[in-house]
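# Architecture at a glance
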Amino acid sequence: MPEVSMLDRLAGPGLDLLGRVDACLARYGAPAGHPVLGLIRDAGLTPGEALAFAVSLDDGPFRRASLPVPGPLPSLRDVTWDGAARDAFETQWTAVVRQQEALAERMAATRAYAEAVVEWVGLVRRSVAEAVGTALGSMEAVRVKTESDPLAAAEIGAVVLRAAVRPFPGGVEWAGRLSEVEFVAPGRGGGRAGRGFSVAL
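Here, residues in each chain are numbered from 1, in the same order as that chain's written sequence. Reporting in this predicted model follows two pLDDT cut-offs: at least 70 for local features of residues, and 80 or more for side-chain atom pairs to be given and counted; totals over whole chains, interfaces and linings ignore these cut-offs and use all residues. To get the side-chain values, all heavy atoms of the structure are used, and hydrogens and water are removed first.

### Here we look at the nonpolar core
Filter applied, for reference: Buried Ala, Val, Leu, Ile, Met, Phe, Trp, Tyr and Cys residues that are joined via side-chain atoms within 4.5 Å together make up what is termed a nonpolar core. Relative accessible area decides the class of each residue, using a 1.4 Å probe on protein chains only: under 20% of the type maximum gives buried, over 50% gives exposed, and in between gives partly exposed. Starting at the N terminus, helices and strands are each numbered in turn, a helix being any DSSP run of H or I of at least four residues and a strand any DSSP run of E of at least two. Contacts are assigned to residue pairs that have any heavy atoms within 4.5 Å of one another.
If you look at the biggest cluster of nonpolar residues, it comprises 33 residues, and the most contacted ones within it are Leu 17, Leu 18, Val 21, Val 128, Val 144 and Ile 156. Contributions of two or more residues to this core are made by helix 1 (6-28), helix 2 (35-43), helix 3 (47-56), helix 5 (84-136), helix 6 (139-147) and helix 7 (150-164). Look past the residues within four positions of Ile 156 in its chain and what remains in contact with it is Leu 17, Leu 18, Val 21, Ala 135, Ser 138, Glu 140, Ala 141 and Val 144.

This is the structure we're talking about:
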């Protein structure tokens, strides 16, 4: 049976409180200049939506992903033959080796990306759980529930949004590291006639 996290335990009462926070801010607004206004604008989420997002995060597929990194291909150092056949094969083989090296680098980067996602999801969920736990036990929560106090709602919203907005490690740098690997075929060229060959790998 999967372990229930702190955020999962707090999700029910937390979503209820943050729903009230959202409704209060929507009806009365936040005090002028309050940090929650900038946080909502930057995140593009209300505090309740930020909590729902954190609850929905699932790192399971990234934990279960099997990403083996291919090993190097054999070298042609011990291949003994000459002529056009050897030249043509060596040209093709060199291209294949380069492709294999590029694939190995990309697979290693993909595995590192999956590990970074797992770390980031855990950070966001733990951070939001702590913020929600603090909010639920606060006097601001009492004032939101009993008085629909917009200042109290803004304070709670700011705490939750600060916890939820965590930049992903590496940011846009992953775009180049995870791009598609294309096979670059060698150009075709002529050669002298082959004279037969023997192979010893």
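### Remarks on unusual backbone geometry
A positive phi angle is found at Ser 148, which is not glycine, with a value near 50°. Mapped onto the elements, Ser 148 comes out in the loop between helix 6 and helix 7.

### Remarks on the pattern of salt bridges
To keep things clear, this is the line we draw: Note on definitions: salt bridges are taken to be side-chain nitrogens of Lys or Arg within 4 Å of carboxyl oxygens of Asp or Glu.
This model, assessed by the stated rule, comprises six salt bridges. One salt bridge in this structure joins Asp 8 and Arg 125, with 3.0 Å as the shortest N-O distance. Of this pair, Asp 8 sits in helix 1 while Arg 125 is found in helix 5, placing the two residues 117 residues apart along the sequence. Judged by its relative accessible area of 36%, Asp 8 is partly exposed. The partner of Arg 143 in a salt bridge is Asp 149, and the shortest N-O contact between them spans 3.2 Å. On the basis of relative accessible area, Arg 143 is assigned to the partly exposed category, the value being 26%.

### Here's the deal with the environment of Val 117
Along the chain, Val 117 falls in helix 5. With near-sequence residues (within four places) excluded, Val 117 lies in contact with Phe 62 and Phe 168.

### As for the confidence of the model for the chain
Just so we agree on the cut-off: pLDDT measures how confident the predictor is about each residue, on a scale from 0 to 100.
Averaged over every residue, the pLDDT of the chain is 83; residues scoring 70 or more account for 85%. By mean pLDDT, helix 8 (residues 173-177) is the weakest element of the chain at 73, and helix 6 is the strongest at 97.

### Overview of the environment of Met 6
Topologically, Met 6 is positioned in helix 1. Exposure remark for Met 6: the relative accessible area of 49% places this residue in the partly exposed category. Note: C-alpha distance between Met 6 and Gly 133 (127 residues apart in sequence) is 8.9 Å.

### Notes on the packing of helix 5 against helix 7
The cut-off we apply is this: Fitted lines through C-alpha atoms give the axes, limited to the stretch in contact for helices. The angle between two N-to-C directions lies from 0 to 180 degrees. Our angle categories are set so that under 35 degrees counts as roughly parallel, over 145 as roughly antiparallel, 65 to 115 as roughly perpendicular, and the remainder as oblique. Two helices cross in a left-handed way if the nearer one is turned anticlockwise from the farther one by less than a right angle. They cross in a right-handed way if the turn is clockwise.
Between helix 5 and helix 7, the least distance of the axes is 8 Å, while the angle of their chain directions is 165°. The angle between helix 5 and helix 7 places the two elements in the roughly antiparallel class. Every pair of crossing elements has a handedness; the one defined by helix 5 and helix 7 is right-handed. In contact with Val 124, Ser 127, Val 128, Ala 131, Val 132 and Ala 135 of helix 5, helix 7 contributes Ile 156, Val 159, Val 160, Ala 163 and Ala 164.

### Details of helix 3
In plain terms, the rule: The directions from the helix axis to the C-beta atoms form the arc being described.
Of the positions making up helix 3, those classed as buried are Pro 47, Gly 48, Ala 50, Leu 51 and Ala 54. Angular distribution of buried residues about the axis of helix 3 spans 160°; they occupy a single face of the element. Residues of helix 3 that are buried in the fold lie against helix 1, helix 2, helix 5 and helix 7.

### Observations regarding the packing of helix 1 against helix 5
Threshold: Charged residues are taken to be Asp, Glu, Lys and Arg, nonpolar residues to be Ala, Val, Leu, Ile, Met, Phe, Trp, Tyr, Cys and Pro, and polar residues to be all remaining types, Gly included.
One can describe the packing of helix 1 onto helix 5 by two numbers: an axis separation of 9 Å at closest approach and a directional angle of 50°. Between helix 1 and helix 5, the angle is such that the two are oblique. Crossing angle aside, the handedness with which helix 1 passes helix 5 is left-handed. Within the contact between the two elements, helix 1 uses Met 6, Leu 7, Asp 8, Leu 10, Pro 13, Gly 14 and Leu 17 and helix 5 uses Arg 125, Val 128, Ala 129, Val 132, Gly 133, Ala 135 and Leu 136. Here the residues of the contact of helix 1 with helix 5 sort into 10 nonpolar, two polar and two charged.

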